[in-house]
Amino acid sequence: MPKKEATDTRQTTINAQPRIHQRAAEIQAYGTVSHALPLDLEESVRLEMTEQLNLLLADTMTLRDLYKKSHWQVAGPTFYQLHLLFDKHYEEQVEVVDTIAERIQLLGGVSLAMAADVAETTRIERPPRGREEVPVQISRLLDAHQIIIGHCRQLASRASELGDDGTNDTVVSDVLRANELQVWFLSEHLVDVPLVHALDPGVRKAG
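Residues numbered from 1 in each chain as written. Predicted model: local features only at pLDDT ≥ 70, side-chain atom pairs only at ≥ 80, totals over all residues. Heavy atoms only, no water.

Under the defined criterion, the tally for this structure stands at 10 salt bridges. Asp-59 is the partner of Arg-123 in a salt bridge, and the nearest nitrogen-oxygen pair spans 2.7 Å. In this pair, Arg-123 is assigned in the loop between helix H4 (115–121) and helix H5 (134–162) and Asp-59 in helix H2 (residues 43–73), connecting sequence segments 64 residues apart. Residue Asp-59 is classed as buried on the basis of its relative accessible area of 0%. For Glu-161, the salt bridge is made with Arg-158, and the minimal N-O distance between the two is 2.8 Å. Placement of the pair is Glu-161 and Arg-158 together in helix H5, with a separation of three residues, close to one helical turn. Taking relative accessible area as the criterion, Glu-161 reaches 60% and is therefore assigned exposed. Residue Arg-158 is classed as partly exposed on the basis of its relative accessible area, which comes to 29%. Connected through shared salt-bridge partners, Glu-48, Arg-158 and Glu-161 make up one network. (Salt bridge = Lys/Arg side-chain N within 4 Å of Asp/Glu carboxyl O. Helix = DSSP H or I, 4+ residues; strand = E, 2+ residues; numbered from the N terminus. Buried < 20%, exposed > 50% of the residue type's maximum accessible area, 1.4 Å probe, protein only.)

Here is the structure:
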């Protein structure tokens, strides 16, 4: 009789046991880009763009979480309105985060993901763990937006200079405009106007 060929039991044996606790080497190191992408962009351009986009991503993830902190901890007469507004802005920043991360991956890079890495990278000031007054919450959010908006303008200009029109469009259309609109909504809450009693300039205040 012909001799039976040996079979590989690793491929033929069925086992319902999950293979847990697995570890292996990274398949791509952070700070690198894939080489064989037909994007018509030089590797040096993609390296620079992914580095800058990761900075933008870290700040955006921090702003996103700052909105959620504000949403949870807001207090005072404007609680209801700001509780809803902060959460709306949080959800919008979640979408911006995904957009930036996907652009990094599309360019062949590796996007930041973990909180510890974001904390080491962001340029936004860390708030205290406790609750703060509404004007301070809003001021922190506006300061964070200012950092992101300034970086957006620089990055969009640099991307255009390097011929990376996709990154330019992403930064301007999806990141910059979203942040500009949120700044408008926030800043109006810091305008010091009377709530129920208008001040008539023709009426003199009593001694």
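Don't stop here, the text continues.
Membership of the largest hydrophobic core comes to 40 residues, with the highest contact counts inside it found for Leu-53, Leu-56, Leu-57, Phe-86 and Ile-100. Of all the elements in the fold, those that place two or more residues in this core are H2, helix H3 (79–106), H5 and helix H6 (165–187). With 11 residues, H5 is the single largest residue contributor to this core. If we skip the residues at most four places from it in the chain, Ile-100 touches Leu-53, Leu-56, Leu-57, Thr-60 and Val-175. (Core = buried A, V, L, I, M, F, W, Y, C linked by side-chain atoms within 4.5 Å. Contact = heavy atoms within 4.5 Å.)

Turning next to a negative patch on the surface. On the surface, a cluster of negative charge is made up of Glu-91, Glu-95, Asp-98 and Glu-102. Looking at the secondary structure, you find Glu-95 in helix H3. (Patch = residues over 30% accessible without salt bridge, like charges linked within 9 Å, V, L, I, M, F, W, Y side chains within 5 Å. Areas by Shrake-Rupley, 256 points an atom, 1.4 Å probe, with all protein chains shown as cover. Lys, Arg positive; Asp, Glu negative; His and termini not counted. Charge placed at Lys NZ, Arg CZ, Asp CG, Glu CD.)

Before going further, it helps to spend a moment on the side chain of His-145. Mapping His-145 onto the fold places it in helix H5. The buried category is assigned to His-145, whose relative accessible area is 0%. Engagement of the side chain of His-145 in a polar contact is seen with the side chain of Gln-182, the distance being 3.5 Å. (Polar contact = N/O pair within 3.5 Å; in protein donor to acceptor, adjacent residues only side chain to side chain.)

The next subject is the packing of aromatic side chains. Applying the stated criterion across every chain yields a total of two aromatic pairs. A ring pair is formed by Tyr-67 and Phe-86, whose centres lie 6.2 Å apart and whose planes are at 55°; its orientation type is tilted. Of this pair, Tyr-67 sits in helix H2 while Phe-86 sits in helix H3, placing them 19 residues apart in sequence. Residue classification places Tyr-67 among the buried positions, given a relative accessible area of 0%. Ring geometry for Trp-184 against Phe-185: centres 5.3 Å apart, planes inclined by 55°, an arrangement best described as tilted. The cationic tip of Lys-88 hangs over the ring face of Phe-185; the distance from NZ or CZ to the ring centre is 6.0 Å. (Phe/Tyr/Trp six-rings, centres within 6.5 Å; stacked < 30°, edge-to-face > 60°. Lys NZ or Arg CZ within 6 Å of the ring centre and 35° of its normal.)

This paragraph deals with the packing of H2 against H6. H6 packs onto H2 with a crossing angle of 25° between their chain directions and a minimal axis gap of 13 Å. Between H2 and H6, the crossing angle belongs to the class labelled roughly parallel. Relative to H6, the crossing made by H2 is left-handed. On H6, the residues that touch Met-49, Leu-53, Leu-56, Leu-63 and Tyr-67 of H2 are Thr-167, Val-171, Val-175, Asn-179, Gln-182 and Leu-186. When its residues are assigned to classes, the contact of H2 with H6 shows eight nonpolar, three polar and no charged. (Axes fitted to C-alpha atoms, helices over the stretch in contact; angles between N-to-C directions. Parallel < 35°, antiparallel > 145°, perpendicular 65-115°, else oblique. Left-handed = near helix turned anticlockwise from the far one by under 90°. Nonpolar A, V, L, I, M, F, W, Y, C, P; charged D, E, K, R; others polar.)

We now examine unusual backbone geometry. At His-21, a position not held by glycine, the phi torsion is positive, near 60°. Examined against the element boundaries, His-21 turns out to sit in the loop between helix H1 (9–12) and H2. Under the relative-accessibility criterion, His-21 is labelled exposed at 70%. Its identity is not glycine, yet Asp-40 carries a phi of approximately 60°, on the positive side.

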